[in-house]
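Descriptive analysis of the structure
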Amino acid sequence: MKELIENVPSKSDYKKRSEKVCFSYPGNQNHFQTGYYGIDADVSIAGTLHIKFSSSKPLLATKIELILKGYEKVEWVETYGKTTITYSANDVFLNQPLQLWKTSDPNGDYEKIQIMDIPFEIKLPENLPPSIKIDQGEGKINYKLIANISRKGNLWKFKRSEKCVELSINLDKYFLPPTDLNPFNWYQFNDSEAISRGLGYNITLENSIGGPKIPFIINSILKFYNQDFKITKIFFGIKEYHKLSTKANSKKSSFYIVEKNIKREEIYSNYNDEVKLQTELEIPEWIEKNKKNPCWDINDRKHIIVSHKVKIKIHCGGIFTSNIKLDNEVEIKNFILENHG
């Protein structure tokens, strides 16, 4: 199907493929999703199924069915001494069939097919999760397009009575910018503990909800009550947490997707012995093949949980002074800022 090369998925996207049956994207798109799922109404998975057989060896078929399948899967290996155990779990949360074609033979017998292009459109139900892949594939939410062709089998040629083509596809989910930014404040500014320590703080996380193009903004006021009090640096970061679960076990991991350090020489106090800082933590865009791509929050699945926290650490220079550690949960979502219509 050389004429469709620019409009078809990569061969590597197929889990089961055929040289005579393939999918193509709708129109001039490079994906099957027709709109901004989560924002637009009636978003679909659409495209065309192409069948091409020779006149000398046509396809003998009675039915062609398409299935859109969504599933959540976790799998990892742990070693205990000389024993290795694989933990896995799988949940199919979407299994939506669509009949594309049926034989016109009144008796339901096989019909010869040489060349056939069948457009399709499957409307997506509400509340589906986006496609994700975390921890080097140990946890994933994925979608498949499966074409099942009921055909005439041939035992001598080991040809089964059903021909199956299976394609992995992505589903992206979007959100409108939040109207409530859900700010959060850490305050220990002028109480006895702050004065005794020698440093008070009034730190405000201006938004507990963010994403690419909506950075997390932190405004900080630090008050020195002891001129000998030293700050060696201030760390700000966004940490991502993963939890993969099966009935038998669970696995946790975490890493920073954003890190920013304010060095000692960048910390200046004013005439009131106060330091005022504004820090922006920008969520990076998803980069293909990056092992530490940020993932959207996932909290409604059976086996995968993804969450985030903002972390602040004020490194104090005194031997008997503990570092100040602050954190709060934040949400990371795929927001659309510009006019998408």
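Since this is a predicted model, take the numbers as computed values, not measurements. (Residues numbered from 1 in each chain as written. Predicted model: local features only at pLDDT ≥ 70, side-chain atom pairs only at ≥ 80, totals over all residues. Heavy atoms only, no water.)

With that settled, consider the side chain of H315. Examined against the element boundaries, H315 turns out to sit in strand 18 (residues 304–316). Judged by relative accessible area, which is 17%, H315 ranks as buried. (Helix = DSSP H or I, 4+ residues; strand = E, 2+ residues; numbered from the N terminus. Buried < 20%, exposed > 50% of the residue type's maximum accessible area, 1.4 Å probe, protein only.)

Examined against the element boundaries, K223 turns out to sit in strand 14 (residues 216–224). As a buried residue without a salt bridge, K223 has its nearest oppositely charged side chain in E274, at a separation of 4.2 Å. (Lys, Arg positive; Asp, Glu negative; His and termini not counted. Salt bridge = Lys/Arg side-chain N within 4 Å of Asp/Glu carboxyl O.)

Once that is clear, we can look at the domain arrangement of the protein chain. Partitioning the protein chain into structural domains gives domain 1 (11–169) and domain 2 (184–332). Listed as interface residues are 23 residues of domain 1 and, on the opposing side, 18 residues of domain 2. When domain 1 packs against domain 2, the two sides together hide about 1700 Å² of surface, and 67% of this comes from carbon and sulfur. Ranking the residues of domain 1 by area buried against domain 2 places E72, W76 and I134 at the top, with a combined share of 30%. Between the two partners, domain 1 and domain 2, sit two salt bridges. With its nearest N and O atoms 3.4 Å apart, the salt bridge here joins D91 to K302. Linking domain 1 with domain 2 are eight residue pairs in polar contact (both at pLDDT 80 or more). Contributing elements (two or more residues each) for the side of domain 1 that touches domain 2: strand 4 (59–80), strand 5 (83–102), strand 8 (132–134) and strand 9 (139–151). Along the lines of polarity and charge, the residues of the side of domain 1 that touches domain 2 split into eleven nonpolar, five polar and seven charged. (Domains from an automatic or database assignment. Contact = heavy atoms within 4.5 Å. Buried area = accessible area lost by both parts, 1.4 Å probe. Polar contact = N/O pair within 3.5 Å; in protein donor to acceptor, adjacent residues only side chain to side chain. Nonpolar A, V, L, I, M, F, W, Y, C, P; charged D, E, K, R; others polar.)

Our focus in this paragraph is the packing of aromatic side chains. Applying the stated rule across the entire model yields eleven aromatic pairs. Plain terms: the ring middles of F23 and F120 are 5.9 Å apart, the flat faces sit at 85° to each other, and that makes the pair edge-to-face. Linking F23 in strand 2 (residues 21–24) with F120 in strand 7 (residues 115–123), this pair joins segments that are 97 residues apart in sequence. Through a chain of ring-to-ring contacts, the aromatic side chains of F23, Y25, F32 and F120 assemble into a single cluster. The residue whose ring lies beneath R301 is F93, and the NZ or CZ to ring-centre distance is 4.9 Å. (Phe/Tyr/Trp six-rings, centres within 6.5 Å; stacked < 30°, edge-to-face > 60°. Lys NZ or Arg CZ within 6 Å of the ring centre and 35° of its normal.)

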